[in-house]
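Chains, contacts and geometry: an overview
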Amino acid sequence: MQGDKIAGFTTAMMQDALCDELRNMFAGRKFNGQGGLKALKVFRQNLPIDTGLDEDADTDAAASPYIVVLLEGGKIYNPQDAKVVSATLTVCCYDEGNERDGFRDVQNILEAIEQHFCVKPFFGGAFTVLKGHEHYFEDALQMDDTWPYYFGALSFDVTVPVPTSESTFDELI
């Protein structure tokens, strides 16, 4: 192996696969956004740069509803074990209704993700959402009044396989 090449899977690959999994999970479903019911958008790490279109509530380019897939960092506890990466999903929906029910869409999105990964923790062909012992899902709804925007978050740990050392690999052959 050359020292300048990536050998195996990366955290960035996991983030892309997680975004794809979320897009597939919510394909065809609509949630409250600016201008009415819209498809859920999924972004990596941050919202895109504001181009001024978000202020126009009648365009499809407005950001909400969305999920931002934020990776906070990872740890390799043992070179023979997978890397454990902390992921936080931030969900935003938009609802101008007098009933202020925008939090319901946020709640439903968070719970759909939890239920999905409880049943199907393996995704992207190599990555696993960890459950049990020290690994858990933690969700929260925003308590501050940000009407007409409603926010929530979900945190969990995901494994990213680490490469096998050359000597270990040679022993396996």
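Here is what the cut-offs are and how they apply
- Residues numbered from 1 in each chain as written.
- Predicted model: local features only at pLDDT ≥ 70, side-chain atom pairs only at ≥ 80, totals over all residues.
- Heavy atoms only, no water.
- Phe/Tyr/Trp six-rings, centres within 6.5 Å; stacked < 30°, edge-to-face > 60°.
- Helix = DSSP H or I, 4+ residues; strand = E, 2+ residues; numbered from the N terminus.
- Buried < 20%, exposed > 50% of the residue type's maximum accessible area, 1.4 Å probe, protein only.
- Core = buried A, V, L, I, M, F, W, Y, C linked by side-chain atoms within 4.5 Å.
- Contact = heavy atoms within 4.5 Å.
- Salt bridge = Lys/Arg side-chain N within 4 Å of Asp/Glu carboxyl O.
- Expected span 1.5 Å × (residues − 1).

Bringing the packing of aromatic side chains into the picture now. The final tally for this structure, using the stated rule, is eight aromatic pairs. Each ring, one from F9 and one from F127, has its centre 5.6 Å from the other, and the planes form 80°; the classification is edge-to-face. A residue pair is termed long-range when its members are at least 10 positions apart, and F9 in the segment before α1 (11-25) and F127 in strand β7 (residues 127-129) qualify at 118 residues. The exposure class assigned to F127 is buried, which follows from its relative accessible area of 2%.

If you look at the biggest cluster of nonpolar residues, it comprises 33 residues, and the most contacted ones within it are L18, L22, F26, I67 and I113. Counting residues per element, the ones that place at least two in this core are α1, β4 (66-75), β5 (83-94), α2 (102-119), β7 and β9 (149-160). Excluding its chain neighbours within four sequence positions, the residues that come into contact with I67 are L22, F26, L40, K41, V42, F43, L89, T90, V91, I109 and I113. With five residues, the next largest nonpolar core counts F43, A63, Y66 and V68 among its residues.

In this structure the tally under the stated criterion is three salt bridges. Between D20 and R23 there is a salt bridge, with its nearest N and O atoms 3.2 Å apart. Taken together, the residues span about one helical turn, with D20 and R23 both in helix α1 at a distance of three residues. D20 gets classed as partly exposed once you look at its relative accessible area, which sits at 41%.

If you check α1, its first and last C-alpha atoms are 21 Å apart, about what 15 residues at 1.5 Å a residue would give, namely 21 Å. Turning to α1, its buried residues number three or more, namely M14, Q15, A17, L18, C19, E21, L22 and M25.

Right, let's get into unusual backbone geometry. Across residues other than glycine, the phi torsion is negative in most instances, and most of the peptide bonds are trans. Residue P65 is bonded to the preceding S64 through a cis peptide linkage, with omega at 0°. In this structure, the amide linkage connecting W147 to the following residue, P148, adopts the cis form with an omega of 5°. In this structure, P148 sits in the loop between β8 (138-141) and β9.

We now examine α2. Structurally, the α-helix is built with 3.6 residues per turn, so residues lying three or four positions apart point the same way. Helix length check: α2 (18 residues) gives 27 Å between terminal C-alpha atoms against 26 Å at 1.5 Å per residue, within 8%. Buried residues of α2: G102, D105, V106, I109, L110, A112, I113, E114 and F117, and no others.

This paragraph deals with the environment of V91. Looking at the element boundaries, V91 is found in strand β5. We classify V91 as buried; its relative accessible area is 0%. Not counting residues within four places of it along the chain, the set of residues in contact with V91 comprises Y66, I67, V106, I109, L110, Y150, F151 and G152.

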